[in-house]
Amino acid sequence: MVTRILQAAGARGWTITTAESCTGGMVASALTDVSGASEVFQRGFVTYSNDAKTDMLGVRPETLDTFGAVSEPVVREMAEGVREAARADIAVAISGIAGPGGTATKPEGRVCYGLATPDGTRTMTIDHGALGRDAVRRAATENALEMILSALA
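The rules we used
The written sequence of each chain sets the order in which its residues are numbered from 1. Predicted model: local features are reported for residues with pLDDT of at least 70 only, side-chain atom pairs are reported and counted for 80 or more only, and whole-chain, interface and lining totals are derived from all residues. Hydrogens are left out, water is left out, and the side-chain values use all remaining heavy atoms of the structure. Following DSSP output, two strands are said to pair if at least two bridges run between them. In DSSP terms, a helix is any run of H or I states spanning at least four residues, a strand is any run of E spanning at least two, and both are numbered starting from the N terminus. Expected helix span is computed as 1.5 Å times (number of residues minus one). When a residue's accessible area, from a 1.4 Å probe over protein chains only, is under 20% of the maximum for its type it is buried; when over 50% it is exposed; and in between it is partly exposed. For this analysis, a ring pair means two rings from Phe, Tyr or Trp (six-membered ring only for Trp) whose centres lie within 6.5 Å, classed as stacked if their planes differ by under 30 degrees, edge-to-face if by over 60, and tilted for the remaining angles. Criterion for a charge above a ring: Lys NZ or Arg CZ within 6 Å of the ring centre, and within 35 degrees of the ring normal. It only takes one pair of heavy atoms within 4.5 Å for two residues to be counted as in contact. Note that a disulfide, as used here, is simply two cysteine sulfur atoms within 2.5 Å.

Q: Just give me the short version of the pairing of strand S2 (residues 41–46), but keep the residues and values in it.
A: Strand direction decides the pairing type here: strand S1 (residues 16–20) and S2, joined by 5 bridges, are parallel. Counted as the bridge partner of isoleucine 16 is phenylalanine 41 from S2.

Laid out in structure tokens, this is it:
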């Protein structure tokens, strides 16, 4: 899938960036595992803490206070902020509860995604389930890559 992403972005002359929380850079790592990634991927941001989301991506403290880090309003601001910061065409943002743990309202395995492109920003939430930390992070990475690929289709 990553090869298809890089080829499609290259064909359009588009660049890609990432803002990752619970995945800790796994999407950026997957993209850069393929030779030639530097043609379309120049930078990614790991913004694990709320301070990092605010300082690096421009997420408003009031958005974090109102909705929490694992929310569609926050990943929307993350995606739009990282797209601007990196001057990229496509930005994907991820924030979730990888586990262990969670709450009744934000259970383990819940991951919010944001995708910002020249056509606008969309968000989604997926409850991947209490699969364990590693499996949730891998599922989130896979979903983020699928979102990028669909934006290039």
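Q: Any details on helix H5 (residues 72–86)? Residues and values, ideally.
A: Taking 1.5 Å of rise per residue, 15 residues should cover 21 Å, and H5 covers 21 Å from first to last C-alpha, within 8% of that figure. The complete set of buried residues in H5 reads Val74, Val75, Glu77, Met78, Ala79, Gly81, Val82 and Ala86. Positive backbone phi, approximately 50 degrees, marks arginine 87, located one or two places after H5.

Q: Give me the packing of aromatic side chains: which residues, what numbers.
A: This structure, assessed with the given rule, holds 0 aromatic pairs. One cation-aromatic arrangement involves arginine 12 over tryptophan 14; the distance from NZ or CZ to the ring centre is 4.5 Å.

Q: Residues and numbers for the environment of glycine 24, please.
A: Along the chain, glycine 24 turns up in the loop between S1 and helix H2 (26–32). Overall, glycine 24 belongs to the partly exposed group, its relative accessible area being 39%. For the pair glycine 24 and glutamate 146, spaced 122 residues apart in the sequence, the C-alpha separation amounts to 18 Å. Leave out the neighbours within four places in its chain, and glycine 24 touches Val46 and Arg137.

Q: Explain the state of the cysteines to me, and be specific about the residues and the numbers.
A: Inspection of the entire model under this criterion finds 0 disulfides. Sulfur of cysteine 112: no disulfide; nearest cysteine sulfur belongs to cysteine 22 and is 9.1 Å away.

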